[in-house]
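Each chain, written out:
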Amino acid sequence: KGKDAMAQATVLREKEAAAFAAYDEEAKTNIAALAKAIPAIENGMSGSFLQTSEASMLRTFTMEKADLPDGSRQELLAFLSGKQADQDDEDSLPQSVQILGILKQMQDEMQKDLDESSATEVDGVKKYEELIAAKTKEFETLQASIEEKMARLGELGVANAAAANDGGDTADQLADDKKSLAD
């Protein structure tokens with residue numbers, strides 16, 4: 001049972017590690033794209049940035065996975081597509097400032113999520129290692145107990161055989177003594 005528990009824990013840990021590795025790689029790629037986008041937009045080079053692969057990755061991320069309000073999502077997608085988003089009259093900030101705010105917020109949230117995920121992964125590895133150590137120790141203790149009991153069983157078997165042999169010898173001696181007495 002202990003070996004089965006260790007095998008199941010290992011399979012689960014491998015799945016968790018693979019899922020974390022995929023998330024980690026994607027998150028770091030997206031954060032790196034944001035790290036390039038923000039300075040480019042701040043320096044007024046948004047046109048040249050929009051032609052990069054990072055801008056393409058941000059468009060894909062924004063469409064598929066970003067946790068943004070619909071208005072912000074549409075504004076960011078319009079900007080990343082090189083189109084001018086509709087400006088409301090009450091909107092007093094220029095579009096690039098708003099986009100910078102959205103991008104910085106996304107970067108902060110993504111970094112926070114990555115940090116939390118990394119901490120969870122470290123905790124998962126630690127718990128797995130503790131479980132394996134405990135189950136290994138339990139297995140070794142039980143194995144030693146089994147070996148000790150098998151040794152005692154062998155010794156008792158030898159002692160029982162010797163007693164049975166002694167009993168047979170004693171019975172033979174008793175029969176001889178009874179015969180001698182009768183004579």
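Shown above is the structure to which this text applies.
Let me begin by describing the structure that accompanies this report. Quantities reported herein were computed from a predicted structural model and do not represent experimental measurements. (Residues numbered from 1 in each chain as written. Predicted model: local features only at pLDDT ≥ 70, side-chain atom pairs only at ≥ 80, totals over all residues. Heavy atoms only, no water.)

1. Side note on the overall build of the protein
Right, on to step 1. Broken down by element type, the protein carries five helices and zero strands.
Right, on to step 2. Each helix and strand of the protein, ordered N terminal to C terminal, gives the series α-α-α-α-α.
Right, on to step 3. Its C-alpha atoms give the protein a radius of gyration of 38 Å, clearly above 16 Å, the size a compact globule of 183 residues would have.
Right, on to step 4. A principal-axis box enclosing the C-alpha atoms of the protein has dimensions of 135 × 25 × 20 Å.
Right, on to step 5. For the protein, the residues scored as buried account for 25% of the 183 residues in total.
Right, on to step 6. The contacts in the protein between residues at least 6 apart in sequence include a share of 66% that link residues at least 24 apart.
Right, on to step 7. By element, 55% of the accessible surface of the protein is carried by carbon and sulfur atoms, the whole surface being about 12,600 Å². (Helix = DSSP H or I, 4+ residues; strand = E, 2+ residues; numbered from the N terminus. Rg over C-alpha atoms; globule rule 2.2 N^0.38 Å. Buried < 20%, exposed > 50% of the residue type's maximum accessible area, 1.4 Å probe, protein only. Contact = heavy atoms within 4.5 Å. Areas by Shrake-Rupley, 256 points an atom, 1.4 Å probe, with all protein chains shown as cover.)

2. A short note on the pattern of salt bridges
Right, on to step 1. This model, assessed by the stated rule, comprises five salt bridges.
Right, on to step 2. Between R13 and E16 there is a salt bridge whose closest N-O contact spans 3.0 Å. With R13 and E16 both in helix α1 (residues 2-42) and three residues apart, this pair spans about one turn of that helix.
Right, on to step 3. Residue class for R13 comes out buried when judged on its relative accessible area of 8%.
Right, on to step 4. Two residues, D24 and K28, come together in a salt bridge whose shortest N-O distance is 3.3 Å. Of this pair, D24 and K28 both sit in helix α1, four residues apart, which is roughly one turn of that helix.
Right, on to step 5. By relative accessible area, D24 is classed as buried at 15%.
Right, on to step 6. Residue classification places K28 among the partly exposed residues on the basis of a relative accessible area of 48%. (Salt bridge = Lys/Arg side-chain N within 4 Å of Asp/Glu carboxyl O.)

3. Some points on the packing of helix α3 (residues 53-64) against helix α4 (residues 70-80)
Right, on to step 1. Their axes nearest at 10 Å, the elements α3 and α4 cross at an angle of 160 degrees. The orientation of α3 relative to α4 falls into the category roughly antiparallel. Judged by the sense of rotation from one axis to the other, the crossing of α3 with α4 is left-handed. Taken together, the residues of α4 that come into contact with α3 (itself represented by L58, R59, T62 and M63) are R73, L76, L77 and L80.
Right, on to step 2. Split by residue class, the contact of α3 with α4 holds five nonpolar, one polar and two charged. (Axes fitted to C-alpha atoms, helices over the stretch in contact; angles between N-to-C directions. Parallel < 35°, antiparallel > 145°, perpendicular 65-115°, else oblique. Left-handed = near helix turned anticlockwise from the far one by under 90°. Nonpolar A, V, L, I, M, F, W, Y, C, P; charged D, E, K, R; others polar.)

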